[in-house]
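The lines below spell out each chain.
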Amino acid sequence: MLRRLSAKQPEKFSFSKANLKWAKAQLKKYPKGRQASAVIPLLWKAQEQEGWVSKPAIEFVANFLDMPEIRVLEVATFYFMFHLKPVGSKAHFQVCGTTPCMLRGSEYLIDVCKTRINGKQHSLSSDGSMSWEEVECLGACANAPVVQIGSDYFEDLDKESFEKLISDVETDELLVPGSRSGRFSSEPSNMTRKYSRKKLSSENASVERFRG
Amino acid sequence: MVNKKVKINETIHDFDENLTIIQACEISGIQIPRFCYHERLSIAGNCRMCLVEVVGGPPKPTASCAMQLKDLRPGPNGEPPQVLTNSEMVENARKGVMEFLLINHPLDCPICDQGGECDLQDQAMSFGLGKSRYTEDKRTVEDYDLGPLVETHMTRCISCTRCVRFTTEVAGIDQMGQTGRGEDSEIVTYLSNTLDSELQGNIIDLCPVGALTSKPYAFTARPWELQKTETIDVMDGTGCNIRVDSKGNRVMRITPRENHLVNEEWISDKSRFVWDGIRVQRLDTPFKKVEGNLIPTSWEDALSIASETMRCGNTSFVAGDLVSVETLYTATKLSEYLGGTKVLGDLDTSGPLNGRSFYVGNGKIEDLDKTKNIILLGTNPRKEASVVNARIRKAWINGANVYRLGVKETLTYDVNELGNTFFDLQIFLDKMGSKKSFWTDTIFLVGYSFLNNRSADVALNTVRSYVEKFKSKFLIIHPNASAVGSLDLGFETDVKVKQNVMKETKTIYNLGCDTLEVGKGSFVIYQGSHGDKGAGSADLILPSACYLEEDGIFVNTEGRIQYARKAIQPPGKAKENWRILRAISEKLGYIPNWQDLNGLRGALFDDFPLISEPGKIIMVPWETAEKQKKLGSKVPLKAYIKDYYLSNCICRASKTMGNLARARNSLNLKKAS
């Protein structure tokens, strides 16, 4: 994917007070003269703050770490997790499209994204509140298919539950991360046996009896 | 240095263990193909063309440019590690790499300027598969604008990153980089800015493919039809070694030659792209002034006018900035015969410079590599000796400290500012006191803005006494190619002498000096190659050859004697400089006992043994400095070169240099606003 800076750029960028304090603390992690090592965490913080990495943000980070702008641009364009274009103001959906999620129906989720948000990924919805992209494995294959918004995972989605998730984002409902099929975490979805502590201990006792 | 025994193919060698395999192979005479590796740049290891097999090492080929000998393991019984450079594995690996590189490389060799001197072409012939198995679409990449010198064809780029490494490491500009990843990686400049460097032309040579080519040379010639002449550059006093490529009687391009002692393998943009200035604004026939207008005339007429005027009154010779030693010598002889004075045009010192220990020093350019402290006194090496500046940057990267007395201009390294007057220098000297460890490891680089200042003789004496006391190094940076040669031949620089000359002399024989201000009443004979300021104010113009059109000796800023060779014929009726002067001598009744250039050189070497050994610096006895005086002068130093790209008459005639000057001015305006 060809990654360039967005044509539309904000006027300026600066860290919020808390982020600036955090960034200054980050610098102390590295020996003197090696501050440039903090470029990825700082860019990431900038993205957390703004939603994406803008040209002023790149220049701010370069200035902050006393390194040439082109070196920061190289890093920002290398890693796909840095968004170089504006993302949805309410949510940026990262739909996992890797094999397990695909087998469990992530293609339908992508179809939903295309109809509800924008036909093209990395593009804003008509009101600018949402955007989406297909990403590689999010590491939650046991709860496939998975969609990530910010740092929250929404799991076990299907077409209906994903449509509802988008509607919830649109109407500013409080989003509850986690499984959409009623699972607590990644336990088997059709549980035939329910374990209780008592049962387990008696099972262990029978095993021990067998051994004995 | 620890040595290590390494077996390369079947022979065992003893190498410094810090060498990489590719360097060791090079030393033992085995050529390893490469694209990204370059001796004078950092190691990238990304082209994979230099793969070799390490026996007993990992079961895959190793990149020889990135593997040090000390990391090679010995054999099971302690036998030296073995490297194979021609095994089946290596051949297959090279074929494979070549195939990958060619996947996205366009097949546009017939319209590519690099064709015929392309590393990719040559290595595909030697190590490639011979045919392509690839039928899919090739990638294309957008070109971008790097300014008036370097043309980009980024589709041809193989991402070796030599250009990025050169501009960051040697040229000292952080503008180029490689963005994106994988198939979409591109070489770009930040926000597509043009490059702002005096050494950017070198990336054309460094580019192993046709991605970066020369804009002024574009589509004008093929390398095999060019006549190659190895000669010396005169755009600054460094005396860079160059190769001039000409076609017919036209210079098509200029490229550097390697000389580790002088220019490593870089040349400045001015040296490289000035050739279009040689074609235009030329004086191709003699002119004489009749009623205020210059009209063309014949050589016969011009020579008789010249000899008549010179016979009548005292004649002074003024040396310009691009004159060869032979010309200066012929002028010297004639001047001795006529009993006049001879002065150097571009340097006005407050006292005489009595010997090489005054106007050259005891340092060499290569000393910069080994010295811990570099003190710039009234010089801007970036403008006055761009290649030396790259050397200072290299020293700075390796930990040298740079101090500067002079005008605050942007350099490519950090400097400790000492101020801008001799008084500030005295403060610095007092502060450092007689710290021996500091001064012994110090080189002073003294420039013209120092020497041209009032009371520079006292300051120079102070510097020289420090050099003498602590065995420091000291080198004058002459911005002009003819400076050391003319000083060796005894041309005067003392400002008092020069003022007298301008006042009293009836006839001034100007050898290409365009900065000369002549009072009314004196007759000016201008002998030069270009119709510039000097020719405009002359009464008689004798057209002569420029530096690429005649053989000549040039003495560089460190006193190194180098031979420039004739690449093309001078235009029209223009003649070689020494020939014109000899013809006038004959007319005046002074007949030198030589007829041709060899005879002239013989006589020159007899008279001035300093200039006799080509390629060498003849060390002269050091003349003891006088007792040191306190420096109190608060006259600020003034920058010597104002417009880098327009510093001599050939540059001023060049369209490329004009474009560059304009581009830099607009860049400076943008920076200022």
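What counts, and where the lines are drawn
- Residues numbered from 1 in each chain as written.
- Chains lettered and ligands numbered in written order.
- Predicted model: local features only at pLDDT ≥ 70, side-chain atom pairs only at ≥ 80, totals over all residues.
- Heavy atoms only, no water.
- Core = buried A, V, L, I, M, F, W, Y, C linked by side-chain atoms within 4.5 Å.
- Buried < 20%, exposed > 50% of the residue type's maximum accessible area, 1.4 Å probe, protein only.
- Helix = DSSP H or I, 4+ residues; strand = E, 2+ residues; numbered from the N terminus.
- Contact = heavy atoms within 4.5 Å.
- Patch = residues over 30% accessible without salt bridge, like charges linked within 9 Å, V, L, I, M, F, W, Y side chains within 5 Å.
- Areas by Shrake-Rupley, 256 points an atom, 1.4 Å probe, with all protein chains shown as cover.
- Salt bridge = Lys/Arg side-chain N within 4 Å of Asp/Glu carboxyl O.
- Polar contact = N/O pair within 3.5 Å; in protein donor to acceptor, adjacent residues only side chain to side chain.
- Buried area = accessible area lost by both parts, 1.4 Å probe.
- Nonpolar A, V, L, I, M, F, W, Y, C, P; charged D, E, K, R; others polar.
- Arc of directions from axis to C-beta.
- Pairing = 2+ DSSP bridges.
- Axes fitted to C-alpha atoms, helices over the stretch in contact; angles between N-to-C directions.
- Parallel < 35°, antiparallel > 145°, perpendicular 65-115°, else oblique.

Visitor: Requested: an account of the nonpolar core, with residues and values cited.
Guide: Ranked by size, the top nonpolar core spans 95 residues in total, and within it I21, F166, M176, I203, I254, Y547 and I650 of chain B carry the most contacts. Counting residues per element, this core draws most heavily on helix α4 (residues 162–171) of chain B, which supplies five residues. Excluding residues within four positions of it along the chain, M176 of chain B makes contact with I70 and R71 of chain A together with Y144, L146, C163, V164, T167, I187, V188, T189, L195 and I203 of chain B. Counting residues in each nonpolar core, the second largest holds 74 residues, with F358, W439, Y466 and L540 of chain B among its members.

Visitor: Go over a nonpolar patch on the surface, please, and point to the residues and values.
Guide: On the surface, I40, F78 and Y79 of chain A cluster together into a nonpolar patch covering about 240 Å² of accessible area. Examined against the element boundaries, F78 of chain A turns out to sit in helix α4 (residues 69–78).

Visitor: Before we move on, could you go through the side chain of T507 of chain B and cite the residues and values that matter?
Guide: Residue and element names in this part refer to chain B. Among the secondary structure elements, T507 is positioned in strand β22 (residues 507–511). According to the relative accessible area criterion, T507 is buried, its value standing at 2%. There is a polar contact of 3.4 Å between the side chain of T507 and the backbone oxygen of T309. Those residues within four positions of T507 in sequence are excluded, and the remaining contacts are T309, M310, N314, T315, S316, F523 and I525.

Visitor: Lay out the interface of chain B and chain A in plain terms, naming residues and giving numbers.
Guide: With 17 residues of chain B at the interface, the matching set in chain A holds 17 residues. Taking both partners together, chain B and chain A bury about 1400 Å²; carbon and sulfur atoms supply 56% of that area. Among the residues of chain B in contact with chain A, R181, D184 and Y190 of chain B are the three that bury the most area, contributing 44% of the side total. Taken together, the links from chain B to chain A amount to two salt bridges. Summed over the shared surface of chain B and chain A, the number is eight residue pairs in polar contact (both at pLDDT 80 or more). Of all the secondary-structure elements, those providing two or more residues to the side of chain B that touches chain A are α4, β7 (176–179) and β8 (186–189) of chain B. Ranked by the residues each element gives to the side of chain B that touches chain A, the list is headed by β7 of chain B, at four residues. Its residues assigned to classes, the side of chain B that touches chain A comprises five nonpolar, seven polar and five charged.

Visitor: I'd like a description of helix α18 (residues 495–504) of chain B, backed by residues and values.
Guide: Residue and element names in this part refer to chain B. Within α18, burial applies to K498, V501 and M502. Considered in projection along α18, the buried side chains sweep an arc of 95° and stay on one side of the axis. The outward face of α18, more than 90 degrees from its buried face, is lined by the exposed residues K496, K503 and E504. Buried residues along α18 sit in contact with β15 (315–319), β16 (342–344) and β22.

Visitor: Go over the pairing of strand β26 (residues 561–564) of chain B with me, naming the residues and quoting the values.
Guide: All names here are of chain B. Here β26 shows a buried face lined by I561 and Y563 and a second buried face lined by Q562 and A564. As defined by bridge partners, strand β25 (residues 552–555) adjoins β26 across four bridges and the pair is classed as antiparallel. If you follow F554 over to β26, its bridge partner there is Q562. Hairpin connection, β25 to β26: the antiparallel pair is bridged by five residues, and G559 has positive phi, about 90°.

Visitor: Please provide a residue-by-residue account of the packing of α4 of chain B against helix α12 (residues 386–397) of chain B, values included.
Guide: Residue and element names in this part refer to chain B. At a minimum axis distance of 9 Å, the contact between α4 and α12 shows a crossing angle of 85°. In terms of orientation, α4 and α12 fall into the roughly perpendicular class. Contact residues: α4 offers T168, E169, V170 and A171, while α12 offers A390, R393 and I397. Grouping the amino acids of the contact of α4 with α12 by side-chain chemistry returns four nonpolar, one polar and two charged.

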